[in-house]
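# Examining the three-dimensional arrangement
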Amino acid sequence: MDERMAIITYPNEFCKQEAWELVQSAGYSPIAIFTSKKFGNGKLGLPSGKATSIKEQIQQLDAAFILVDEHIKASQAYELSKFFDGIRVIDRNKLILDIFENRASTAEAKLQVKLAELTYEIPRVKDMVRIRRQGEQTGMFGYGAYEADKYVRSLRRQMHEISRKLDEFRTRKEIQMEKRQEGDFFLVSLAGYTGAGKTTIFNLMSDQEKPVTGKYFTTLTTTLRTINGINGAYISDTVGFIERLPHYMIDSFKSTLEEITYSDLVLLVTDYSLPENEFYRKYRASVNVLKELGVPLSRVTVVLNKVDKRKDTYKFQDDEISSSVEISAKNNFNVQVLRSAIINSMKSAENRSL
Ligand SMILES: Nc1nc2c(ncn2[C@@H]2O[C@H](COP(=O)(O)OP(=O)(O)OP(=O)(O)O)[C@@H](O)[C@H]2O)c(=O)[nH]1
Ligand SMILES: [Mg+2]
C-alpha cells in the first residue's frame, strides 16, 4: 500500500511516537505530524483555528490520508475531509481496526475483528443520517432514513450471528480449560503492551518460531505450547494492549483475552528500555486491562524486558504488584531466572491445592 498519511495527535512525545508507529504498522507512510490539545468537539472534531493552520501546511505535503489520533464522529471525519479538500480522514479506532483486519488469520480472529468493525460502524451510520436530515448531500453516505434503518438492522443481525459463533468458540475453550484443570496443567500467559516482546519470550520458552516484526499488533491470536524443560507447564502468547483501546474492542476479543483470566500465572511483559514516563504509561494501561478482565494481581509477575537496551536507571516499583524479573529475551539474559519464577509459582500452586 505505502500511501502517504499525515498525523494529527496530542502534543507530547509519547502520542507522537505511538501514532507514527501505528501508521507504519497499518502499512501507510507517515509523512508529517501536527498536534492539537483537543479533539472531538465542534463540526470538525478539532478546534477550527487548528484545522485552518493545518490546512495551510498540508497543501504542500501531497497526503492521501490524514489520521486523527482520537475517536471522532463520522460526521466530523466527513466535514474534516471536505475541509481538507478531499483528503481521506481516518480516526484512531479505524486505523487499529485496519491493522487487526490485516493480521487476522484464524476464523475466530476474523470474527472478532468483524464484530468490532460492526460495533464501530453502527453509530457512524446513524450520525451520517442525522447530517443528511439537515439537508447535506453526503456522497457515499447518502442513505435516506428508511435505507439507513434497514442497513442498521442488517448490521445488528450480522453482529448477533457473529456473537453466536464466537460464543461457540468460547464454550469450546471453557470445556478445554475445565479438562486441563483436572490434570497436571499449569498455564502461563504472556500479556502486555504491543511490542513489549511477548512473542520473543514465547519463542524462547517453547522453541517456536512465531513471527516477530517490531510492528504493532504482530500477534492477534493466542497460541498455546508446552514450555520446554518444565513438565506440565504451558505458555500462551496473546494479543497486545494499547492505550485508549475502546471498550468494545476488548469485548470483541474477549474469548482470546479470557485465556489470561484462566491462567495460573500471568507474565506482564514490559519494555524496560523505555524512558521512565513512557514505561509507566504503558505499564498502567496494561495493568488496567488486566483489572478490567478480572485477573487477580497476585497472579501477575512483571517481566522487565529489553534490559540490554536500557539507558535510564530508574527502578521499577508498584505497590500493587511486587513480583518482577529483569530479562533480555533478545540476548537470552536472565531467562533462567524467569524459568525459576515459573517453577516457584507452580510449586506454591501445588502446595495451595494439597
Ligand atoms: N533490544 C531488545 N529487543 C527486543 C527484546 N525482546 C524483543 N525485542 C524486539 O521487540 C520487538 C517486538 O517484539 P515482539 O516479541 O514481537 O513483541 P510482542 O509483545 O509480541 O508484540 P505484539 O505481538 O505486537 O503484541 C521486536 O523487534 C523484537 O525483536 C529484548 O530483550 N531486547
Ligand atoms: Mg506478539
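### Section: the overall build of the protein chain
Within the protein chain one finds 11 helices and 10 strands. For a compact globule of 354 residues, the expected C-alpha radius of gyration is about 20 Å, and the protein chain comes in at 22 Å, within 12% of that figure. Per-residue burial over the protein chain gives 36% buried out of 354 residues. Contacts in the protein chain between residues far apart in sequence, at least 24 positions, make up 65% of those at least 6 positions apart.

### Let's talk about the site of ligand 1
Near ligand 1, the surroundings consist of 21 residues, among which G197, T199, G214, T219 and G240 are the closest. Among the elements that take part in the shell around ligand 1, helix 7 (residues 198-206) stands out by supplying three residues, more than any other. When the residues that make up the shell around ligand 1 are grouped by side-chain class, the tally is five nonpolar, 11 polar and five charged.

### Describing the domain arrangement of the protein chain
Note: interface size is frequently given as the accessible area lost on complex formation between the parts. Annotation of the protein chain at the domain level lists domain 1 (4-100), domain 2 (105-163) and domain 3 (184-353). Centre-to-centre separation of domain 1 and domain 3, based on C-alpha positions: 32 Å. If you look at the interface, domain 1 gives 10 residues, while domain 3 gives eight residues. Counting residues per element, the ones that place at least two in the side of domain 1 that touches domain 3 are helix 1 (13-25) and helix 4 (92-103). Broken down by element, the side of domain 1 that touches domain 3 gets its largest block of residues, five residues, from helix 1. Split by residue class, the side of domain 1 that touches domain 3 holds four nonpolar, four polar and two charged.

### Here we look at the sheet that holds strand 3 (residues 65-68)
Across the sheet, which stays open at both edges, the four strands sit in the order 2-1-3-4 with parallel pairing between neighbours. Each of the sheet's edge strands pairs with one partner strand only, and the pair in question is strand 2 (29-35) and strand 4 (88-91). Going from strand to strand, the sheet's axes swing by 25 degrees on average, the running direction of each strand aside. Direction of pairing for strand 1 (residues 4-9) relative to strand 2: parallel, over a ladder of six bridges. Looking across to strand 2, one finds that A6 is bridged to A32.

### What about unusual backbone geometry?
A positive phi angle, close to 55 degrees, is found at D62, a residue other than glycine. Position of D62 among the secondary structure elements: in the loop between helix 2 (48-58) and strand 3. In this model, D207 sits at a positive phi of 55 degrees, which is unusual for a non-glycine residue. Among the secondary structure elements, D207 is positioned in the loop between helix 7 and strand 6 (223-226). Judged by C-beta crowding, with 11 C-beta atoms within 10 Å, D207 ranks as exposed.

### Focus: the environment of L111
Residue placement: L111 occurs in helix 5 (residues 107-133). Of the residues examined, L111 has 20 C-beta atoms within 10 Å and is grouped as buried. In this structure the C-alpha to C-alpha distance between L111 and A6, which are 105 residues apart in sequence, comes to 30 Å. If we ignore the near neighbours within four places in the chain, the residues touching L111 are I162, K165 and L166.

### Quick look at the sheet that holds strand 8 (residues 265-271)
Strand order in the open sheet formed by six strands is 6-7-5-8-9-10, with mixed pairing between adjacent strands. Looking at strand neighbours, the two that pair on one side only are strand 6 and strand 10 (324-326), the edges of this open sheet. The mean angle between the axes of side-by-side strands here comes to 25 degrees, regardless of whether they run parallel or antiparallel. Where strand 6 meets strand 7 (residues 233-237), four bridges bridge the pair, whose relative direction is antiparallel. The residue bridging T223 from the neighbouring strand is D237, located in strand 7. In the packing of helix 9 (residues 254-262) onto the sheet, contacts are made with strand 5 (186-192), strand 7 and strand 8, and the angle to strand 5 comes to roughly 125 degrees.

### Details of the environment of M346
For M346, the position within the fold is in helix 11 (residues 335-353). For the pair M346 and A233, spaced 113 residues apart in sequence, the C-alpha separation works out to 8.3 Å. Contact partners of M346, with chain neighbours within four places excluded, come to F186 and A233.

### Details of helix 1
Here helix 1 is 13 residues long and its end C-alpha atoms lie 18 Å apart, about the 18 Å a rise of 1.5 Å per residue gives. By the burial criterion, the buried members of helix 1 are E18, A19, L22, V23 and S25. Looking straight down helix 1, one finds its buried side chains confined to an arc of 160 degrees; they lie on one side. Here the buried face of helix 1 lies against strand 1, strand 2, strand 3 and helix 4.

### A short note on the environment of M159
Looking at where M159 falls in the secondary structure, it is placed in helix 6 (residues 145-182). Note on M159: 18 C-beta atoms within 10 Å, which makes it partly exposed. Along the sequence, M159 and T119 sit 40 residues apart, while their C-alpha atoms lie 7.8 Å from each other. The contacts of M159, once residues within four sequence positions are left out, are L115 and L118.

What counts and what doesn't
Residues numbered from 1 in each chain as written. Chains lettered and ligands numbered in written order. Predicted model: local features only at pLDDT ≥ 70, side-chain atom pairs only at ≥ 80, totals over all residues. Helix = DSSP H or I, 4+ residues; strand = E, 2+ residues; numbered from the N terminus. Rg over C-alpha atoms; globule rule 2.2 N^0.38 Å. Buried ≥ 20, exposed ≤ 12 C-beta atoms within 10 Å, placed from the backbone. Contact = placed C-beta atoms within 7 Å. Near = placed C-beta within 6 Å. Nonpolar A, V, L, I, M, F, W, Y, C, P; charged D, E, K, R; others polar. Domains from an automatic or database assignment. Pairing = 2+ DSSP bridges. Axes fitted to C-alpha atoms, helices over the stretch in contact; angles between N-to-C directions. Expected span 1.5 Å × (residues − 1). Arc of directions from axis to C-beta.

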